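# Breakdown of the fold
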Amino acid sequence: MKRVLFVCSGNTCRSPLAAAILQAEEPGAEVYSAGLAAYEGSPAAEAAKVVARERGLELSDHRAQNLRAELLQGAICLTMTRAHQDEVRRRFPEAEGRVFSLGAYAGEPGEDIEDPVGQGAGRYRETADRITTLLRRAKERHGWLYLQLVGLGSDHAGFPLKRELLAALRQEGVPARDYGTDSTASCDYPDFAQAVGNAVATTEIGAGILICGTGIGMSISANKVQGVRAALVQEGLGAELARRHNDANVLCLGARLIGPELAKEAALRFLRQPFDGGRHTARVDKIRALEG
Ligand code: RB5
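Residues numbered from 1 in each chain as written. Predicted model: local features only at pLDDT ≥ 70, side-chain atom pairs only at ≥ 80, totals over all residues. Heavy atoms only, no water.

Our next topic: the site of the ligand. Surrounding the ligand, one finds D155, H156, A157, Y189, C212, G213, T214, I216, G217 and R256. D155 is positioned such that a nitrogen or oxygen atom in its side chain is 2.6 Å from an oxygen atom of the ligand. Contact between the ligand and R256: an oxygen atom at 3.4 Å from a side-chain N or O atom of the residue. Protein chains shield 73% of the accessible area of the ligand, which is 290 Å² for the free molecule. Classifying every residue of the shell around the ligand by side-chain character gives four nonpolar, four polar and two charged. (Near = heavy atom within 4 Å. Polar contact = N/O pair within 3.5 Å; in protein donor to acceptor, adjacent residues only side chain to side chain. Areas by Shrake-Rupley, 256 points an atom, 1.4 Å probe, with all protein chains shown as cover. Nonpolar A, V, L, I, M, F, W, Y, C, P; charged D, E, K, R; others polar.)

The following block contains the structure:
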């Protein structure tokens, strides 16, 4: 499920424009916007409406709203500036790992979309162009997982590697949700494989990464969940081919077998590589048929 929330200050210029631009490109996604200091019910700025209309988009029904916890639920939150990103993270710590500036999500973390309010239509045009460019870069960067979350789970043996990998992925602008465990206290890997596997199967997240001592218990367990194709791989090429040939949606790693650098490489190659389709499609369909 692609659910995207754009956030700016007043929710009358940048974020409604960004939402309209993305919604037109991704009609299947749920896209909306909010402000950190909005006058509730204010219409979009006139110049924003004009620039939207030039692009075949309509903002005349837009009404400003303030950001609240429900709006963030299950969504990737893309803010216009780093200051907005920091403020959303501060106010809503429960959304950890899902809040990025649009620049950071596009792989340009130093990029802010500055406020065009009170300036002419020319500035709004530049704003709309910049948003469009950053969304295009984000799409290239995130590949098949564009606008979707990845979920990470581990048992006690995988916990230290999961913690490192989660931080590394978020540093790369990958929206990632943590499904536990949250310490090295002994626990059972099938519980976490089930949580992440179900989240993949219900499309709450686009992909999963599961880590135990060897990755074996996680892969056996995750593959019991209908709709999950979990691949046990301990290096980058295998991770990439699991996507290209098998359309795998869960990557399993063994914390006792590989270190953080290799885990990060495998994860990023897995998360960014689309399925090749073609001759592989019929084979993946036969895997689905085995599920009964
Ligand atoms: C836990 O000691 C270990 O058995 C588990 O992490 C995993 O390797 C199972 O496959």
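Nonpolar side chains in soluble globular proteins tend to end up buried together. Core analysis: the largest hydrophobic core is formed by 55 residues, its most contacted members being F6, L22, L78, Y124, I131, L135 and L210. Residues contacting L22, with those up to four places away along its chain left out, are V4, F6, V31, L135, Y146 and L147. Core analysis: the next-biggest nonpolar cluster, separate from the first, contains 27 residues, L161, L251, A266 and F270 among them. (Core = buried A, V, L, I, M, F, W, Y, C linked by side-chain atoms within 4.5 Å. Buried < 20%, exposed > 50% of the residue type's maximum accessible area, 1.4 Å probe, protein only. Contact = heavy atoms within 4.5 Å.)

We now examine the sheet that holds strand β5 (residues 150-154). Taken in spatial order, the five strands of this open sheet run β6-β5-β7-β9-β8, and their pairing is parallel. The strands lining the two open edges of the sheet, one partner per strand, are β6 (176-178) and β8 (230-232). For this sheet, the mean inter-axis angle between neighbouring strands, taken without regard to orientation, is 25°. Of the strands in this sheet, β5, β6, β7 (207-212) and β9 (250-254) touch helix α7 (residues 159-171), which is tilted by about 160° from β5. Taken strand by strand, helix α11 (residues 260-272) contacts β5, β7 and β9, and its axis lies near 170° from that of β9. (Pairing = 2+ DSSP bridges. Helix = DSSP H or I, 4+ residues; strand = E, 2+ residues; numbered from the N terminus. Axes fitted to C-alpha atoms, helices over the stretch in contact; angles between N-to-C directions.)

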